[in-house]
Amino acid sequence: MFQLAEIRHMVRIPPWLFGQTLNDAVEEELNRKLANKVVLNVGLCIALFDITSLGDSYIFPGDGASHTRVTFRYVVFRPFLEEILEGVVKSSDADGMQVSLGFYEDVYIRRDSMMTNSHYDETDRTWVWDYQTDDETHHLFMDVGERIRFKVVAEQFTDTTPAGPSLVEGNITVADRKEGKVPYVVYGAINDQGLGMVSWWTSGGAGQDLEEEEEEDGEVEELEEAA
């Protein structure tokens, strides 16, 4: 889910940071610029891991700040394809579900990535899996607020930041939400064994409840035959 991305960037150090060591000033500026932001085709930046090299510093005419070429590694959120993650169902509609990971909420499970025989219940505003047994259909609800396990199947980066000297610096393009656009979206799927609501597959969950229900039905039938 988390990766180390190596990035090269020209870091601008304003004059009021000249009293700090160069490493501390660079670290402060990198975290200020990148933390909790999406870098296109890299991922959601979490925190600076380390600085691997510092180049020469320059002061350009008309700018009192120093500019230093820096190579560094940053911790980013970018799950790989087929990775299994767990989150909480945040919302549901006829197109699918939105899942929150706690620190990131642009995760979506589309309707074509649900289990077979799933449908959207307009009354309860939730998705329902019609689980088929030999002689009965069980309706398993995917309620908002419940934990869900899913597989990452796709990702989508969108450049939402207008090009400009204050928004695009060096080789880093930082994307923020503009006009409702989302810079980074993760798509998941639950149409596989062991995926879906965590309660279905854990001890005491829906899976065990179904087994116990079937065993009780069998015992009732045996008692009726004995009577």
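These numbers come from a predicted model, not from an experiment. Counting restarts for each chain, with residues numbered from 1 along the sequence as it is written. Per-residue local features are limited, in this predicted model, to residues with pLDDT of at least 70; the limit for side-chain atom pairs, both in listing and counting, is 80 or more; totals at the level of whole chains, interfaces and linings are taken over all residues. Side-chain measures here rest on the full set of heavy atoms in the structure, leaving out hydrogens and waters.

A.B. asks: Would you explain the overall build of the chain in this entry?
C.D. replies: Runs of E in the DSSP output that reach at least two residues are strands. Runs of H or I that reach at least four are helices, and both are numbered from the N terminus. What the chain contains, in helices and strands, is three helices and 15 strands. Contacts are assigned to residue pairs that have any heavy atoms within 4.5 Å of one another. Expressed as a percentage of contacts within the chain between residues at least 6 apart in sequence, the contacts between residues at least 24 apart total 65%. For the chain, the exposed area adds up to about 13,000 Å²; of that, 47% sits on carbon and sulfur atoms. For every accessible area listed, the method is Shrake-Rupley and the probe measures 1.4 Å; residues are considered covered only by the protein chains on display.

A.B. asks: I tried to follow a nonpolar patch on the surface on my own but got confused; where do I start?
C.D. replies: Patch membership requires more than 30% relative accessible area and the absence of a salt bridge. Residues of like charge join within 9 Å; the nonpolar side chains Val, Leu, Ile, Met, Phe, Trp and Tyr join within 5 Å. A carboxyl oxygen of Asp or Glu within 4 Å of a side-chain nitrogen of Lys or Arg is what we treat as a salt bridge. Taken together, the side chains of Phe 2, Ile 46 and Phe 103 define a hydrophobic patch exposed on the protein surface, amounting to about 260 Å² of accessible area. Along the chain, Phe 2 turns up in strand E1 (residues 2–13).

A.B. asks: For this particular structure, what's the right way to read the nonpolar core?
C.D. replies: It is characteristic of soluble globular proteins that their nonpolar side chains tend to be buried jointly. Here, nonpolar core refers to any group of buried Ala, Val, Leu, Ile, Met, Phe, Trp, Tyr and Cys residues whose side-chain atoms link them within 4.5 Å. For every residue, the accessible area (1.4 Å probe, protein chains only) is compared with the maximum for its type, and the residue is labelled buried under 20%, exposed over 50%, or partly exposed between those bounds. Membership of the largest hydrophobic core comes to 28 residues, with the highest contact counts inside it found for Met 97, Ile 109, Met 142, Ile 148, Phe 150 and Ile 190. For this core, the elements supplying multiple residues, two or more each, are strand E5 (84–93), strand E6 (96–100), strand E7 (107–110), strand E9 (126–132), strand E10 (137–142), strand E11 (147–157) and strand E14 (184–189). Per element, the largest residue contribution to this core is four residues, and it comes from E11. Contacts of Met 142, omitting those with residues within four sequence positions, involve Ser 92, Met 97, Met 114, Met 115, Ser 118, Thr 126, Trp 127, Val 128, Trp 129, Ile 190, Met 197 and Trp 200. In this structure, Ile 7, Val 26, Leu 30 and Val 174 belong to the second largest nonpolar core, which totals 19 residues.

A.B. asks: For this particular structure, what's the right way to read the pairing of E6?
C.D. replies: Residues in a regular strand point their side chains to alternate faces of the sheet. With respect to burial, E6 is a largely interior element, five of its five residues being buried. The pairing criterion is simple: DSSP has to find at least two bridges between the two strands. The pairing of E5 with E6 spans five bridges and is classified as antiparallel. Bridge assignment links Ser 92 to a residue of E6, and that residue is Met 97. Two successive antiparallel strands, E5 and E6, enclose a turn made up of two residues. Bridging between E6 and E7 involves four bridges; their strand directions are antiparallel. Within E7, the residue paired with Gly 96 across the bridge is Arg 110.

A.B. asks: Is there a simple way to think about the pattern of salt bridges in this case?
C.D. replies: Pairing between side chains becomes possible if they bear opposite charge and their charged atoms approach one another. Applying the stated rule across the entire model yields nine salt bridges. A salt bridge links Arg 32 to Glu 29; its shortest N-O distance comes to 3.0 Å. Note that Arg 32 and Glu 29 are positioned in helix H1 (residues 22–34) at a spacing of three residues, about one turn of the helix. Here Glu 29 falls in the buried class, since its relative accessible area comes to 9%. A salt bridge links Lys 151 to Glu 82, with the shortest nitrogen-to-oxygen separation between them at 3.8 Å.

A.B. asks: Just checking my understanding: could you explain H1 for this structure?
C.D. replies: Given 3.6 residues per helical turn, the α-helix brings residues three or four places apart onto the same face. In a regular helix each residue adds 1.5 Å, so 13 residues correspond to 18 Å; H1 covers 18 Å between its end C-alpha atoms and thus fits that length. Residues of H1 that are buried include every one of Ala 25, Val 26, Glu 29, Leu 30, Lys 33 and Leu 34, and no others. The buried side chains of H1 occupy one side of the element, clustering within an arc of 135° when seen end-on. Positioned one or two residues after H1, Asn 36 has a phi angle of 65°, which is positive. Expected span of a helix, by definition, is 1.5 Å for each gap between consecutive residues, and there is one gap fewer than residues. Note that the arc is defined by the directions from the helix axis to the C-beta atoms.

A.B. asks: Help me understand the sheet that holds E9, please; the structure alone is not making it clear to me.
C.D. replies: Strand pairing within a sheet occurs via backbone hydrogen bonds; the two strands may be parallel or antiparallel. Across the sheet, which stays open at both edges, the three strands sit in the order E8-E9-E10 with antiparallel pairing between neighbours. At either end of the open sheet lies a strand with only one pairing partner, and these are strand E8 (118–121) and E10. Sheet twist, expressed as the mean angle between neighbouring strand axes with direction ignored, is 30°. Here E9 runs beside E10; their pairing, made up of six bridges, is antiparallel. Bridge pairing links Tyr 131 to His 138 in E10. Axis geometry follows a simple rule: fit a line to the C-alpha atoms, using only the stretch in contact for helices, then measure angles between N-to-C directions, giving values from 0 to 180 degrees.

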